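Each chain, written out:
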Amino acid sequence: MMDRRAFGLFVLAMVAVVLAAPVAGAPGVDGWESYAGSERNTGAATSLPSLESPTDDWNRAPGGDVAASPVVADGQAFVATGEFVNAHALADGTRQWTRDIDNQRYDSLAAADGTIYVTTADGVTALGTADGNEQWSASFSGTAFGPPTVHDGTLYVGSTDGTLYAVDADTGDMEWTYDAEASLSTTAPAVADGTVYVGDRNGTLHAVGTDSSGLWTESIADERLTSPAVTDGSVSVGAADGTVAAYAPSGTQQWATTLGDAVLYSPVVTGDTIYAATAAGDVIALDDTSDGATTWTAEVSATGVDGVSMSLHGDTLVTATDAGAVHGISTDGTHLWTRELSGSAVSPPALVDGTVIVGTDAGEVYALTDESATGGGRDGATGGDGSTESGATATESSDGEPSGGSAPPSGGGGDGGTGGGTGSGATGGSQSDRATTTPSGEATTVPDGPGPANGESATNTAVRTTQTSGVTAERTTADATRTASNGEGPTGTATTVTDEPPGSPVETTDGSGPGFTAALAALAVLLAGLLARRR
């Protein structure tokens, strides 16, 4: 029979195994359910292995500009294309269903508990992940261009009129609103420890309690902010003027630095390192413990318009560029591989267990898989059917530059519009004007509408202008109310909509944050102490 000392050693060994293993529910293990993987917007799936050399698993042309990050949940990759939301089987890209959404504009998605949330010109629509059927729809006073974030049963999303909305994720009922007094057009709120963080287009970072209380604001730049990223003890954010800054949860600035060009996408944050990318193509590692000092810089090709977005798969930075490529960069700055695409990638890649899902403005969605890095999180996927629509393949590169010709677009220009949908139920088939096979095997053709003369989708033109250059009516409206913190309190005001607003919640961990690991580590120390006393 096992004695106490042997039993204690056994428990310690099991703790070590758990600490070393990927945790179910962590970003990239079971899915990628929001703009940057989780409600904290870190963009990091650190529990996954490296991506050594991913190859083209499958790619599909759902039709229309894929401007927003795909999300992955329930064994499916969800993609929005301007007017339609599509569900593709993660294993082989087979289309599961298509949903026509009225007035869809920025095509931003989030998934939680069997529901996919879609922002539209009018508000948010909730669809079932299994069949695409509408569950509820909520209307806002402003246009919700930015990605939504779901936390603890509440959906948070900002709008062009400066309102942060908190909506019941199950029913669509309004819980409360907060007025930031400047457009919250393209950023995804980050939620952690009872606080919602959101940046506005005038360069101000807002911290709002999940109970609707305004906590603090800080003016960081004179240009729009990226989505904030939150780790324990730090809130990191970039700005279009090249600023990258870190703040304590209390609102105290920890450090700020300025890079050589615009930072248009949320930094990737893990441990003591913050990874930021500029529109010019510089990928920069910053040391969070040394006031943001640069650790290394790598370069990738970029046009300077939409720039570079990133996600972290283990110790591989997956960088997607507006020059039409995806690059793998090690966390020590070494360029590992390059994968060319048919068009510009204008949003961060989604990651799940050895697979990268990325969309382009040419209307294609790619799944790039490194079989050596998969571990079953794709619901038993074995690499798909091996078919592609463009025939492009991954290439090895050591100089950070593409090493071959770009694959041509494979069609699917979409309907060219950003609204006027029929509002019909979910259907199989394709939006592009060609026959496709539905999951049931029945060929379906859905003609598209007239597209722009230059071959680029109207959705692409509108989205890219809104996201980066800001030369739109939405930016003009936002500039009318420029605010900054005076150090005495928040500039925005909160409005409670329901009779019983949510109270101060207790932050729960899903295994992706340090709370779970810390608890296991404390247990290990306790057991070690008990063993030492019995010797």
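It should be noted that the structure appears before, not after, this text.
Residues numbered from 1 in each chain as written. Predicted model: local features only at pLDDT ≥ 70, side-chain atom pairs only at ≥ 80, totals over all residues. Heavy atoms only, no water.

### Here's the deal with the overall build of the chain
Step number 1: In terms of regular secondary structure, the chain is built from 4 helices and 37 strands.
Step number 2: Every one of the 535 residues in the chain was classed for burial, and the buried ones make up 57%.
Step number 3: Sequence separation of 24 or more characterises 55% of the internal contacts of the chain that already satisfy a separation of 6 or more.
Step number 4: Counting only carbon and sulfur atoms, one obtains 50% of the accessible surface of the chain, whose full area is about 19,200 Å². (Helix = DSSP H or I, 4+ residues; strand = E, 2+ residues; numbered from the N terminus. Buried < 20%, exposed > 50% of the residue type's maximum accessible area, 1.4 Å probe, protein only. Contact = heavy atoms within 4.5 Å. Areas by Shrake-Rupley, 256 points an atom, 1.4 Å probe, with all protein chains shown as cover.)

### Regarding the sheet that holds strand E15 (residues 190-192)
Step number 1: Taken in spatial order, the 4 strands make up an open sheet running E15-E16-E17-E18, and their pairing is antiparallel. The open sheet has two free edges, formed respectively by E15 and strand E18 (214-219), since each of these has just one partner strand. Taken over all neighbouring pairs, the strand axes of this sheet differ in orientation by 15° on average, direction set aside.
Step number 2: By the bridge criterion, 5 bridges tie strand E16 (residues 195-199) to strand E17 (residues 204-209) in an arrangement that is antiparallel. Bridged to valine 196 within E17 is valine 208. (Pairing = 2+ DSSP bridges. Axes fitted to C-alpha atoms, helices over the stretch in contact; angles between N-to-C directions.)

### What to know about the packing of aromatic side chains
Step number 1: One pass over the full model with this rule turns up 7 aromatic pairs.
Step number 2: When the centroid spacing of 6.0 Å and the interplanar angle of 45° are considered together, the rings of tyrosine 117 and tryptophan 136 count as tilted. Of this pair, tyrosine 117 sits in strand E8 (residues 115-119) while tryptophan 136 sits in strand E10 (residues 134-139), placing them 19 residues apart in sequence. The pair tyrosine 117 / tryptophan 136 is uniform in exposure class, with both members buried.
Step number 3: Ring centres 6.2 Å apart and planes at 55° place the aromatic pair tyrosine 197 and tryptophan 216 in the tilted group. Of this pair, tyrosine 197 sits in strand E16 while tryptophan 216 sits in strand E18; the two residues are 19 residues apart in sequence, bridging distant segments of the chain. Here tyrosine 197 matches tryptophan 216 in class, with each residue buried.
Step number 4: Feature note: the residues Tyr197, Trp216 and Tyr247 constitute an aromatic cluster, connected by ring pairs. (Phe/Tyr/Trp six-rings, centres within 6.5 Å; stacked < 30°, edge-to-face > 60°.)

### A short note on the pairing of strand E12 (residues 154-158)
Step number 1: With respect to burial, E12 is a largely interior element, 5 of its 5 residues being buried.
Step number 2: Two strands pair when backbone bridges link them, and strand E11 (residues 149-151) and E12 are joined in this way by 3 bridges, in the antiparallel orientation. Pairing of valine 150 across the sheet is with leucine 155, part of E12.
Step number 3: Two successive antiparallel strands, E11 and E12, enclose a turn made up of 2 residues, where aspartate 152 displays a positive phi of approximately 50°.
Step number 4: Here E12 runs beside strand E13 (residues 163-168); their pairing, made up of 5 bridges, is antiparallel. Along E13, the bridge assignment pairs glycine 158 with leucine 164.
Step number 5: Hairpin connection between E12 and E13: a loop of 4 residues separates the two successive antiparallel strands, and glycine 162 in this loop has a positive phi of roughly 90°.

### Some points on a negative patch on the surface
Step number 1: The grouping of Glu33, Asp74, Asp113 and Asp170 at the surface amounts to a negative patch.
Step number 2: Here aspartate 74 is to be found in the loop between strand E3 (71-73) and strand E4 (76-80). (Patch = residues over 30% accessible without salt bridge, like charges linked within 9 Å, V, L, I, M, F, W, Y side chains within 5 Å. Salt bridge = Lys/Arg side-chain N within 4 Å of Asp/Glu carboxyl O. Lys, Arg positive; Asp, Glu negative; His and termini not counted. Charge placed at Lys NZ, Arg CZ, Asp CG, Glu CD.)

### Brief notes about the pairing of strand E9 (residues 123-128)
As a general feature of sheets, a regular strand has side chains that alternate between the two faces.
Step number 1: Of all 6 residues in E9, 6 are buried; the element is thus mostly enclosed.
Step number 2: Across 5 bridges, E8 lies against E9 in antiparallel orientation. Bridge pairing in E9 links tyrosine 117 to alanine 126.
Step number 3: Taking the residues that link successive antiparallel strands as the turn, the E8-E9 hairpin has 3 residues.
Step number 4: If you look at the hairpin formed by E9 and E10, you'll find 5 residues sitting between the two strands, and glycine 132 has a positive phi there, around 80°.

### Some points on the side chain of threonine 243
Step number 1: For threonine 243, the location among the structural elements is in strand E21 (residues 243-247).
Step number 2: Apart from the residues within four sequence positions on either side, threonine 243 is in contact with Ile220, Ala221, Val237, Gly238, Thr257, Thr258 and Val263.

### Quick notes on the pattern of salt bridges
Opposite charge on two side chains lets them pair, provided their charged atoms get close.
Step number 1: Taken as a whole, this structure holds 4 salt bridges when the rule is applied.
Step number 2: Among the ionic pairs, aspartate 232 bridges to arginine 40, the shortest N-O distance being 3.4 Å. With aspartate 232 in the loop between strand E19 (229-231) and strand E20 (234-238) and arginine 40 in the loop between helix H1 (4-20) and strand E1 (44-45), this pair connects stretches of sequence that are 192 residues apart.
Step number 3: Residue classification places aspartate 232 among the partly exposed positions, given a relative accessible area of 48%.
Step number 4: Close ionic contact of arginine 99 with glutamate 134 constitutes a salt bridge, the shortest N to O distance being 3.2 Å. One end of the pair, arginine 99, is in strand E6 (residues 95-100); the other, glutamate 134, is in strand E10, and 35 residues separate them in sequence.
Step number 5: Overall, the relative accessible area of 42% leaves glutamate 134 in the partly exposed class.
Step number 6: Among the charged side chains, a salt-bridge network with shared partners connects Arg40, Asp193 and Asp232.

### Regarding unusual backbone geometry
Step number 1: Phi at glutamate 181 is positive, roughly 65°, even though this residue is not glycine.
Step number 2: Here glutamate 181 is to be found in the loop between strand E14 (174-179) and E15.
Step number 3: Relative accessible area serves as the criterion here: at 29%, glutamate 181 is assigned to the partly exposed category.
Step number 4: Unusually for a residue other than glycine, aspartate 193 sits at a positive phi of about 55°.
Step number 5: The topology assignment puts aspartate 193 in the loop between E15 and E16.

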